[in-house]
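Observations on chain architecture
Here is how the chains run, residue by residue.
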Amino acid sequence: MKLIYNSLYDCAVEVLEACGEIKENAEIVAENLIKADARGINTHGTYLLTPIWERANAKQLSLPTNAYIAVDEGATAVIDGGDGLGAVAGILAVKTAVQKAKQYGVASVLIRNTNNIGALACYTEVAAKEGMIAIMSCNAAPAMAPWGGSEAFLGTNPFAIGIYTGHDMVFSADMASSVVARGKIRKAARNGETIPDYWATDDEGNFTTDPNAALKGALLPMSGPKGSAIALAVDIISGMLSGAQYAPNLKSFHTPEGATGVGASLIVIDISRFMDLKVFQEHMEGYIKSIKSMKKAKGFDEIFIPGEIEYKKEQDSYKYGIELDEKAVKAIDSICEAFRLKNRLGGQL
Ligand SMILES: NC(=O)c1ccc[n+]([C@@H]2O[C@H](COP(=O)([O-])OP(=O)(O)OC[C@H]3O[C@@H](n4cnc5c(N)ncnc54)[C@H](O)[C@@H]3O)[C@@H](O)[C@H]2O)c1
């Protein structure tokens, strides 16, 4: 089902306000969730309004979100997310980091005590568009084993790098450190399909093609020990160093069984301290041109820059409508119904 931006935005803002969020924060969160949907990352899109509503009902989300700068020292800061909505803390962190990077050249801002902050490109792109390079990561509830282990110890701890290009489309690498998201395994289980044997292990540590066995076991890190190393480093920097939870101590946002304890980290570099921004833009243009015009590997028609596929999808979504599956639309409409709100997306209840 395709939805126009404004109707989805108005509905999401109204739902978030009904859950207890203030308008200013609800607008930040709605924008963030819809950007994820528009980019085709529905696992971090408006479908999250359901767990937000459930957590708010269970009094396991502190709304309105009171994210604030808890530590502010020169080029560094720590944001306390106030156990509220992650996007509010994330946007405060990136704005603080950009301001500090403009002042000091490089800034490092950590976030503690927050919840799911969604797709990291939503933050790194904000900084990249301001002439910066932004490196961000966050931890998440345990779902993945470190390489060689068979217990869910780490989250799918994503990391992202956004780089200024001088154009609306920035360089935007953004990925989980697991081979695939857990959602893809749930989908295979629902459809009665098998999964490749390098996605997950069962609860005894055997590589498995059975999605149901995989859901009881642990996801595998991308590129084996290399992805495992990155996921562990993300957990140490975003979780341990920030004062958030880390390792298996985080809780899932989807089950209201206590604060999730998510942590995040952001490093922002002001390019102009190292190279004239115009010169950097010219270098980037030449660099991207060389990549896109090179001889293609067999089976490839085009070489994409990180974030390019998502950027094009996002532009199309804003033009032609944002794709949401019927189940997600119905779920949002039933929250609207429960709160007796004026907005509906149009799903059959
Ligand atoms: N907040 C959390 O707890 C959490 C946890 C995990 C993932 N996430 C988010 O989920 C999102 C999806 O992660 P993912 O690992 O599934 O991403 P993905 O595998 O779809 O993409 C990873 C990267 O590869 C690039 N890419 C993909 N196909 C390409 C191609 N054909 N050519 C060139 N580049 C290509 C993308 O632009 C992207 O930068 C991210 O936004 C991530 O931040 C969030």
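Residues numbered from 1 in each chain as written. Predicted model: local features only at pLDDT ≥ 70, side-chain atom pairs only at ≥ 80, totals over all residues.

Observations concerning the overall build of the chain
Heads up, the rule is: Where helices and strands are cited, they refer to DSSP runs of H or I of at least four residues and of E of at least two residues respectively, numbered from the N terminus. Here the globule rule reads 2.2 Å times residues to the power 0.38, and the radius of gyration is calculated from C-alpha atoms. Counting other C-beta atoms within 10 Å of its own, a residue is labelled buried from 20 upward, exposed at 12 or fewer, and partly exposed in the gap between, with every C-beta atom placed from the backbone. Placing a C-beta atom from the backbone of each residue, one calls two residues in contact when those atoms lie within 7 Å.
Of the regular secondary structure elements, the chain holds 11 helices and 11 strands. Against the globule reference of 20 Å for 349 residues, the chain gives a C-alpha radius of gyration of 20 Å, in line with a compact fold. The buried share of the chain, reckoned over its 349 residues, is 48%. When contacts within the chain are restricted to residue pairs at least 6 apart in sequence, those whose partners lie at least 24 apart make up 62%.

Thoughts on the site of the ligand
Operational definition: Whether a residue is near a molecule or strand depends on its C-beta atom, generated from backbone atoms, being within 6 Å of that molecule or strand. All residues other than Ala, Val, Leu, Ile, Met, Phe, Trp, Tyr, Cys, Pro, Asp, Glu, Lys and Arg, Gly among them, are scored as polar; the first ten of these are nonpolar and the last four charged. Either an automatic procedure or a domain database provided the assignment from which the domain bounds are taken.
Around the ligand, the structure places 23 residues, and the nearest of them are Ala 119, Ala 140, Met 175, Ala 176 and Phe 304. For the shell around the ligand, the secondary structure elements donating two or more residues are strand S7 (171-175) and helix H10 (308-320). The element that contributes the greatest number of residues to the shell around the ligand is S7, accounting for 3 residues. Its residues assigned to classes, the shell around the ligand shows 16 nonpolar, 5 polar and 2 charged. Both domain 1 (1-64 + 310-349) and domain 2 (65-178 + 221-273) contribute no fewer than three residues apiece to the shell around the ligand.

Focus: the environment of Lys 319
Here Lys 319 is to be found in helix H10. With 28 residues separating them in the primary sequence, Lys 319 and Ile 291 have C-alpha atoms 28 Å apart.

Focus: the nonpolar core
Going by this rule: A set of buried Ala, Val, Leu, Ile, Met, Phe, Trp, Tyr and Cys residues, joined through C-beta atoms within 7 Å, is what we mean by a nonpolar core.
By size, the foremost hydrophobic cluster in this structure holds 101 residues, and its most contacted members are Met 132, Leu 266 and Val 268. Sorting elements by how many residues they give to this core places helix H4 (residues 86-104) first, with 10 residues. Shared between two domains, this core takes at least three residues from each, and those domains are domain 1 (1-64 + 310-349) and domain 2 (65-178 + 221-273). With residues up to four places along the chain from it excluded, the contact list for Met 132 reads Val 98, Ala 101, Ala 127, Tyr 164, Val 268, Ile 269, Asp 270 and Ile 271.

Quick word on the domain arrangement of the chain
Note: interface size is frequently given as the accessible area lost on complex formation between the parts. Split into domains, the chain comes out as domain 1 (1-64 + 310-349) and domain 2 (65-178 + 221-273). Listed as interface residues are 24 residues of domain 1 and, on the opposing side, 20 residues of domain 2. Per-element accounting of the side of domain 1 that touches domain 2 gives the leading share, 7 residues, to helix H2 (residues 23-38).

Brief notes about unusual backbone geometry
With an omega of -5°, the peptide bond running from Leu 63 to Pro 64 counts as cis. Structurally, Pro 64 is set in the loop between helix H3 (49-57) and strand S2 (68-73). Phi at Asn 113 is positive, roughly 60°, even though this residue is not glycine. Note that Asn 113 resides in strand S4 (residues 106-114). Judged by C-beta crowding, with 24 C-beta atoms within 10 Å, Asn 113 ranks as buried.

Things to note about the pairing of strand S3 (residues 76-80)
The test is simple: By this definition, two strands are paired if DSSP reports at least two bridges between them. When the strands point away from the viewer, a crossover counts as right-handed if the path from the first strand over the helix to the second runs clockwise.
The element S3 is extensively covered by neighbouring structure, given that 4 of its 5 residues are classed as buried. Where S3 lies against S4, 5 bridges are found, and the strand directions are parallel. What sits directly across from Thr 76, in S4, is Ser 108. For the crossover that starts at S3, traverses H4 and ends in the parallel S4, the hand is right-handed.

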